[in-house]
Amino acid sequence: MPPPTKLSSTSGLLVRWLSFVAFFAVIAHHLWFVYSHAINIPYHDDIYDFLRIVNLIETADGPAVAIKEWFSQYLDHRTSASRSLVYGAYLIEGEVNFHTLTLLANLALPFILLLFYLSVRSEEYRWGFLLISALLLLNLRAHAIILHSQAGFAYYYVFFYAFACLFALHKFTFLKFVLAAVLCSLATFTLASGQVVWLMGLASLLHQCLVTGRRSFMYPAIWLLLAITVLVLWRVGFVPVSTEIPSELTTRASAVSVSKLAHRAVASAAPDAVHNIFLVTLGSVFTVSSTLVAGSVGLVLLGVLSFVTIKLYRQEDLRLVLCCWFIVATAAAVTVGRAMIVAPDYILEERYSFFSAILMSTLALLVQSRFRVFRSPVVYLVVLLAVVYWAWTYRHFERPLQDILSGRYDDYNHERFTVFGKPQKESAAIVNQAIAAGIYNPPCRPYPVCETQRAPGE
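Conventions used here
Residues numbered from 1 in each chain as written. Predicted model: local features only at pLDDT ≥ 70, side-chain atom pairs only at ≥ 80, totals over all residues. Heavy atoms only, no water. Axes fitted to C-alpha atoms, helices over the stretch in contact; angles between N-to-C directions. Helix = DSSP H or I, 4+ residues; strand = E, 2+ residues; numbered from the N terminus. Parallel < 35°, antiparallel > 145°, perpendicular 65-115°, else oblique. Contact = heavy atoms within 4.5 Å. pLDDT = per-residue confidence, 0-100. Expected span 1.5 Å × (residues − 1). Buried < 20%, exposed > 50% of the residue type's maximum accessible area, 1.4 Å probe, protein only. Disulfide = S-S within 2.5 Å. Salt bridge = Lys/Arg side-chain N within 4 Å of Asp/Glu carboxyl O.

This paragraph deals with the packing of helix α4 (residues 80-93) against helix α9 (residues 149-168). Two measures define how a pair of helices packs: the angle their axes make with one another and the distance between the axes. Axis separation between α4 and α9 bottoms out at 10 Å; the angle between their running directions is 105°. Compared by their axis directions, α4 and α9 come out roughly perpendicular. Of the residues in α9, those touching α4 at Ala81, Ser82, Leu85 and Val86 are Phe153, Ala154, Tyr157 and Tyr161.

This part is about the confidence of the model for the protein chain. The predicted model of the protein chain has a mean per-residue pLDDT of 87, with 86% of residues at 70 or higher. Every residue in residues 1-8 scores below 50 in pLDDT, and together they form 20 contacts with partners more than four places removed in sequence or on other chains. Contacts for the low-pLDDT stretch residues 243-269, under 50 throughout, to residues beyond four places or in other chains number 60 contacts.

Turning our attention to helix α7 (residues 126-137). Across its twelve residues, α7 extends 16 Å between first and last C-alpha, which sits within 8% of the 16 Å expected from 1.5 Å per residue. Most of α7 sits out of view: eleven of its twelve residues are buried. Looking only at α7, the buried set comprises Trp127, Gly128, Phe129, Leu130, Leu131, Ile132, Ser133, Ala134, Leu135, Leu136 and Leu137.

A few words on the state of the cysteines. For the structure shown, the criterion picks out one disulfide. With its sulfur 1.9 Å from that of its partner, cysteine 444 forms a disulfide with cysteine 450. Taking the torsion about the S-S bond as the criterion, the cysteine 444 to cysteine 450 disulfide, at about 85°, is right-handed. According to the relative accessible area criterion, cysteine 450 is buried, its value standing at 8%. Of all cysteine sulfurs, the one in cysteine 323 lies closest to cysteine 324, which takes part in no disulfide; the gap is 7.1 Å. Judged by relative accessible area, cysteine 324 falls into the buried class, the value being 0%.

Right, let's get into the pattern of salt bridges. Applying the stated rule across the entire model yields seven salt bridges. Across the pair arginine 214 and glutamate 316 runs a salt bridge, and its minimum N-O distance is 2.9 Å. Pair noted here: arginine 214 is in the loop between α11 (197-210) and α12 (218-234) and glutamate 316 is in the loop between α15 (291-312) and α16 (319-338), with a separation of 102 residues, a long-range link. Among the charged side chains, a salt-bridge network with shared partners connects Asp317, Arg319 and Arg370.

Written as structure tokens, this is what we have:
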């Protein structure tokens, strides 16, 4: 790593203090936005993956039945780690509150930025680098996730757990090795693609054995044994459902008929479509209309990451490199699972753009921290471009996000609790059961108008 460049007093003020303040301002703004817009109304997967599970655990005949429900699969995932956080929040608050859960889900993003800080804390320009990563990560590009608690837990925490695992394996002690295994297990039981992190952890350990010579092969062997054990446990009683159309593919903002999705499935079944979906997933961060632009950006990002990996693989610290490759591997896993269901243009509109956003955020930090050109006033230009991009996401996606919220208000006010592929009576029964048991306390109706009509002190 190049030595840090000494800053003048003026540059020090700009890079250290203004960037420091701006960095925390971006985090505070994101959490404020979530706090002020999140609503205590279950949405799609919230009902079956969270509210239903809490219902079943609370009414279970003994711990064995409760554990079975907690461990049960949801679609093609195991989400036990997220359910643990949800149930913990329920025990603390005395209710399942989706406003709280949405905020809790979004806390994973500042946690990721904290890990980023640990990788660049010795850098003179660290706050400028972190500010850029924050602007690329904490915005409205993947707006379908931000106010959806179940999706937020899945997409945000799988990366936090995986990144934390890879950071723990860097210069690890025995306790950090155990912690890394726990974090990998949490990623595995958050989203199906989280299983890939075991491979990244193995790569980290083999690098420390073969390249830096700091560790013996005993650790990769133990890691491989742990990985096999956890992955076998993950598959106990698992029934593959990836050929079904998942509920995440239907939101009020981008609903598509089943027949149209079936047509897309046929059109996207070819190998070149799989390739296109993968590249679009990696590069969708900068466009909402062109799969060609997204695919080209994805190819460039993949090329930059490959170049940086070859350039740096002999260095001791590969934490950010492995985090980037985990994102790429996750995008590949999602592509395999969704290639028969969606077309490349769907990636531009939905939650999958988060993979591109977090890849750009992580790769930007990696490149800036490892190449000397960014230890100069060039970093100011990069900050400016990141600010423009951040502002663009709010200008472009706040309206669609408000449309999603309006649809949620309308559904709730008409007592509709829709979950794709499930009977409305069944999903409504889950909600009503939770209400009757005091597990879920719904807001007033008609929402949100009734909130402003309440008398002071109510």
